[in-house]
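# Working through the structure, step by step
Now for the letters of each chain:
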Amino acid sequence: MKKIPGYRRYVPGTQPPHLHPPYVSSIKRAPLQPLVVLPHTLSEITGPLFERDIADVKACDLTRQHSGEPLGERIIVSGRVLDENSRPVPHTLVEIWQANAAGRYFHNIDQHNAPLDPNFIGCGHAVTDSEGRYRFVTIRPGEYPWGNHHNAWRPAHIHFSLFGPAFATRLVTQMYFQGDPLISFDPIFNCTEDEKARNRLISQFDWETTIPSQALGYRFDIVLSGRESTPMETHAHGEKS
Amino acid sequence: MSLQAITWQTVGPFFKIGFSWLYRDNLAEPGVSGERLEIAGRILDGDGKPVPDGIVEIWQANSHGKYAHPDDPQEKPGELGFTGYGRVPTDDAGSFHFTTIKPGRVPGPDGKLQAPHLAVSVFTRGLLRRLVTRIYFPDEPSNAEDFALKLVEPGRRETLIAKRIEGRTGELEWNVKLQGEGETVFFDI
Ligand SMILES: [Fe+3]
């Protein structure tokens, strides 16, 4: 069998360590033994693929999942999913979840004293198009307090989960908003050493996707690990065999 | 090379909102071939306390050792209705469980076959990025020659091998110890 090219390893400093004491929850949950470096095999270069119609149209518009309109500032979050070789990642699943405009999650363990919105759950998913593009309509999430340290507040953020073409390309991250004063104090945002890498988590306000009288646009491009070297034959990633 | 992969961030405590629509605890619908197994376990932290806000994702080959993926070049039969993907949350006791079939063997980097295994991602509040590990199977002679198990110091290998439960056929136990004594082996992939 011919050698299978693996996916690139992360550039040192561009990913968070497992143990980051300023993020208190990591202290008892981060492994302390060194990780065992595993060369990529068929098990890592393949991964779950989903039907292109797995996400119904309503799932990408978080403002239209209920009978009424949610409270808050309507926004459009869109971007492209690319790999490190600048190739689009088509037909891949993107999942998001977030707090409502008041900074409260629709979740039984969120006890923050802020109102729930019966018209906003804060869950969405979409499949990228053939150019790797995705687009969500949602509400700008509120900042919220948390128990990490005295007077701790999370900057406004949207959680993102992506699969990409392989087990090795799985990614969960958070998207932030330009100019948020809480970002520089946030131990989660700041867990990554490389400043440029951190700043790629901040979405950019975007006139092009802003809809007049409707919603401001924010652009958030997401880069997943790319192949180590060009494979012999090109597969259309994300397609079911 | 022009771009760099984006940085991971924790799933936080509220991932259920985004993940629950795709929970899949049964990978082996009726008609899927292979030895059916129920795998259950707990995620425990460095103090041995259960982790109630965790999630386990599975990726595996079918019973012939073929992945439902176009980059698997092997000429082995695929199986309709078998995707190989599972996603299960932990409950208040830190427990999770899923039903699947024992996968066949897939090739390793040296061209030799690997022992049957599931690829596993673990996400919890407190983990800034996922932990990657594997589940191997008990009483499996090929474990002795598996390249990935051989990368692990012998004393820690058992953390990757599910255990039989006395008197209960078809049920296996496999726990995730995030930290401390008996810490599960996690891979850098
Ligand atoms: Fe959050």
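Reading the values: rules and limits
Residues numbered from 1 in each chain as written. Chains lettered and ligands numbered in written order. Predicted model: local features only at pLDDT ≥ 70, side-chain atom pairs only at ≥ 80, totals over all residues. Heavy atoms only, no water. Helix = DSSP H or I, 4+ residues; strand = E, 2+ residues; numbered from the N terminus. Contact = heavy atoms within 4.5 Å. Buried area = accessible area lost by both parts, 1.4 Å probe. Salt bridge = Lys/Arg side-chain N within 4 Å of Asp/Glu carboxyl O. Polar contact = N/O pair within 3.5 Å; in protein donor to acceptor, adjacent residues only side chain to side chain. Donors = N, O, S within 2.8 Å, 3.2 Å for Na, K, Ca; no water. Tetrahedral: all angles 85-135°; square planar, octahedral: opposite > 155°, others 65-115°. Buried < 20%, exposed > 50% of the residue type's maximum accessible area, 1.4 Å probe, protein only. Phe/Tyr/Trp six-rings, centres within 6.5 Å; stacked < 30°, edge-to-face > 60°. Lys NZ or Arg CZ within 6 Å of the ring centre and 35° of its normal. Core = buried A, V, L, I, M, F, W, Y, C linked by side-chain atoms within 4.5 Å. Pairing = 2+ DSSP bridges.

### Quick word on the environment of A:Gly68
Turning to its location among the elements, A:Gly68 is positioned in the loop between helix H1 (42–45) and strand E2 (74–83). Sequence separation between A:Gly68 and A:Pro118 is 50 residues, and the spatial gap between their C-alpha atoms is 8.3 Å.

### Quick look at the interface of chain A and chain B
Counting from both sides, the interface comprises 91 residues of chain A and, opposite them, 73 residues of chain B. The largest contributions to the chain A side of the interface with chain B come from A:Arg29, A:Val36 and A:Phe167, which together make up 12% of the buried area. In this assembly, chain A and chain B are joined by seven salt bridges. Notably, a salt bridge pairs A:Glu95 with B:Arg87, separated by 2.7 Å at the nearest N-O pair. The tally of links between chain A and chain B comes to 41 residue pairs in polar contact (both at pLDDT 80 or more). The dominant element in the side of chain A that touches chain B, judged by the number of residues it contributes, is strand E9 (residues 171–177) of chain A, at five residues.

### Focus on the coordination of the iron ion
All names here are of chain A. Around the iron ion, the protein contributes the donor atoms Tyr105 (OH), Tyr144 (OH), His157 (NE2) and His159 (NE2), which lie 2.0 to 2.2 Å from the metal centre. With four donor atoms in place around the iron ion and angles of 91 to 164° between them, the coordination shape is irregular. Positions of the donor residues of the iron ion, expressed as sequence spacing, correspond to Y-x38-Y-x12-H-x1-H. Of this pair, Tyr105 sits in the loop between strand E3 (93–97) and strand E4 (123–127) while His159 sits in strand E8 (residues 157–162); the two residues are 54 residues apart in sequence, bridging distant segments of the chain. Each member of the pair, Tyr105 together with His159, is buried.

### So, the packing of aromatic side chains
Here the structure, examined in full by the defined rule, presents 21 aromatic pairs over all chains. Ring geometry for A:Tyr144 and B:Phe14: centres 6.4 Å apart, planes at 70°, overall edge-to-face. Here A:Tyr144, found in strand E6 (residues 144–146), pairs with B:Phe14, found in the segment before helix H1 (16–19), and the two come from separate chains. For A:Tyr144, a relative accessible area of 7% translates into the label buried. Taking the relative accessible area as the measure of exposure, B:Phe14 reaches 9% and is therefore buried. One cation-aromatic arrangement involves A:Arg170 over A:Phe163; the distance from NZ or CZ to the ring centre is 4.0 Å. Of note, B:Arg130 hangs over the ring of A:Phe167, and the distance from its end group to the ring centre comes to 4.7 Å.

### Thoughts on the pattern of salt bridges
Evaluated as defined, the whole model comprises 22 salt bridges over all chains. The partner of B:Asp188 in a salt bridge is A:Arg9, with the nearest N and O atoms 3.6 Å apart. Taken as a pair, B:Asp188 in strand E10 (residues 187–188) and A:Arg9 in the segment before strand E1 (36–37) lie in two separate chains rather than in one. Look at A:Arg9 and you get partly exposed, because its relative accessible area is 30%.

### Some words on the nonpolar core
In summary, soluble globular proteins display a tendency toward joint burial of nonpolar side chains. Counting residues in hydrophobic clusters, the biggest one holds 49 residues, and the most contacted among them are A:Trp97, A:Tyr134, A:Phe136, A:Phe160, A:Leu162 and A:Ile222. With five residues, E9(A) is the single largest residue contributor to this core. Residues B:Val32, B:Ile58, B:Ile101 and B:Leu178 belong to the second largest nonpolar core, which totals 27 residues.

### Some details on the pairing of strand E3 (residues 85–89) of chain B
All names here are of chain B. The buried count for E3 comes to four of five residues, which makes it a mostly enclosed element. Bridge analysis of strand E2 (residues 54–59) against E3 gives five bridges, and the strand direction is antiparallel. Bridge pairing in E3 links Ile58 to Gly86.

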